[in-house]
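Read off the chains here:
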Amino acid sequence: ILDQRLKKVVSYIPQGAVLADIGSDHAFVPCYCLQQNLVEKAIAGEVNVGPMEAAQAQVALVQLEDKIDVRLGSGLTVLTPGEATAITIAGMGGTLISTILEEGKANLSGEERLILQPNVDAVDVRKWLLANGYALLSEAIVKENEKIYEILVAQKGEESVYADDSEQREWELYFGPQLMREKAPAFVEKWQTEQQKRKYILEQMRQGTESDQLQEKIVKIEQLIQKMEEVTH
Ligand code: SAM
């Protein structure tokens, strides 16, 4: 029942974990993990009633009510600190994921492994992790149904993956330090597509009336395009 994207997310959950899947929707991830005997038990968190009910229905269907606790609430507020040893947050924007982490800091023990799959704006997630003392353990990028997804795995600890140089670090946060070294086909495709989009925007901007503000924006986009060129070669 799991697609490739979520299978990749699941591959980073340690054996025997107590899992909290936040924004669980149909609770497919917790159900799959229990069916595979990967986790001991799980919590499925949902902020919306519709998806929460879908989660409850799915859990009942596979008769895992004694192992999966479906909870209604925003983000990590459904958890008490230390209750989960692995937390998955998948299928949302990176800005929302970083907000969920920021607002739920008090609900973390700091021991959990975080497995985060932002659909867009992974940079926001990396910045939150770095600012909050999390080490980026792994990064992955997968393509499925013409969409490309990034997966970030983190745990509290010394951060050593980023460059000391602040400009280089900014780019690593943007593209992903490991991903930009590996240059997997999906990574190259993602940033080539983004580059094309920026080139189009740039053309539109160049046709606009000249102003210092516009000029500044143009220079920024030119730098970004140049960097996208570099990382995809
Ligand atoms: N995690 C699943 C996946 O990756 O396929 C479902 C992703 S679905 C697109 C996003 C889910 O996150 C929705 O069911 C939505 O209700 C839920 N959600 C959004 N904001 C949330 C929050 N602050 N706390 C908990 N769940 C949230």
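Reading the values: the criteria
- Residues numbered from 1 in each chain as written.
- Predicted model: local features only at pLDDT ≥ 70, side-chain atom pairs only at ≥ 80, totals over all residues.
- Heavy atoms only, no water.
- Helix = DSSP H or I, 4+ residues; strand = E, 2+ residues; numbered from the N terminus.
- Rg over C-alpha atoms; globule rule 2.2 N^0.38 Å.
- Buried < 20%, exposed > 50% of the residue type's maximum accessible area, 1.4 Å probe, protein only.
- Contact = heavy atoms within 4.5 Å.
- Lys, Arg positive; Asp, Glu negative; His and termini not counted.
- Charge placed at Lys NZ, Arg CZ, Asp CG, Glu CD.
- Near = heavy atom within 4 Å.
- Polar contact = N/O pair within 3.5 Å; in protein donor to acceptor, adjacent residues only side chain to side chain.
- Areas by Shrake-Rupley, 256 points an atom, 1.4 Å probe, with all protein chains shown as cover.
- Expected span 1.5 Å × (residues − 1).
- Pairing = 2+ DSSP bridges.
- Axes fitted to C-alpha atoms, helices over the stretch in contact; angles between N-to-C directions.
- Phe/Tyr/Trp six-rings, centres within 6.5 Å; stacked < 30°, edge-to-face > 60°.
- Lys NZ or Arg CZ within 6 Å of the ring centre and 35° of its normal.

Scanning the protein chain from N- to C-terminus turns up nine helices and seven strands. In terms of overall size, the protein chain behaves like a compact globule, its C-alpha atoms giving a radius of gyration of 20 Å where 233 residues would be expected to give roughly 17 Å. If you line up the protein chain on its principal axes, its C-alpha atoms span 65 × 35 × 30 Å. A burial count over the protein chain gives 49% of its 233 residues as buried. Long-range pairs, those at least 24 residues apart, make up 66% of the contacts in the protein chain between residues at least 6 apart in sequence. Distance between charge centroids for the protein chain: 3 Å, based on 24 positive and 37 negative side chains.

Before going further, it helps to spend a moment on the site of the ligand. Surrounding the ligand, one finds 16 residues, the nearest of these being Arg5, Gly23, Glu46, Asn48 and Gly75. Separating a nitrogen atom of the ligand from a backbone N or O atom of Gly23 is a distance of 2.8 Å. Interatomic distance of 3.2 Å between a side-chain N/O atom of Ser74 and a nitrogen atom of the ligand. Here the ligand, which alone exposes 600 Å², has 78% of that area covered by the protein. Among the elements of the structure, helix 1 (4-10), strand 4 (86-92) and helix 4 (94-103) are those that each provide at least two residues to the shell around the ligand.

Turning next to helix 8 (residues 185-206). The terminal C-alpha atoms of helix 8, which comprises 22 residues, lie 31 Å apart, in line with the 32 Å expected from a rise of 1.5 Å per residue. Of the residues making up helix 8, those classed as buried are Ala186, Phe187, Val188, Lys190, Trp191, Glu194, Gln195, Arg198, Leu202 and Met205. Elements in contact with the buried residues of helix 8: strand 6 (134-144), strand 7 (147-156), helix 6 (166-175), helix 7 (177-182) and helix 9 (212-231).

Attention shifts here to the sheet that holds strand 1 (residues 17-22). Strand order in the open sheet formed by seven strands is 3-2-1-4-5-7-6, and the pairing between neighbours is mixed. Edge positions in the sheet fall to strand 3 (68-72) and strand 6, since each of these pairs with one other strand and no more. Neighbour-to-neighbour, the strand axes of this sheet turn through a mean angle of 15°, independent of strand direction. Pairing between strand 4 and strand 5 (residues 113-118): six bridges, direction parallel. When the bridges of strand 5 are listed, Thr88 appears paired with Ile115. Of the strands in this sheet, strand 1, strand 2 (39-46), strand 3 and strand 4 touch helix 2 (residues 28-35), which is tilted by about 170° from strand 2.

Take the packing of aromatic side chains next. Taken as a whole and judged by the stated rule, the model has eight aromatic pairs. Between Phe175 and Trp191, the aromatic rings sit 4.8 Å apart at their centres with planes inclined by 80°, giving edge-to-face as the arrangement. With a gap of 16 residues between them, Phe175 in helix 6 and Trp191 in helix 8 connect regions that are remote in the sequence. Through successive ring pairs, a cluster of aromatic residues spans Trp171, Tyr174, Phe175, Phe187 and Trp191. Its end group placed over the ring of Tyr149, Arg5 keeps NZ or CZ at 5.4 Å from the ring centre.

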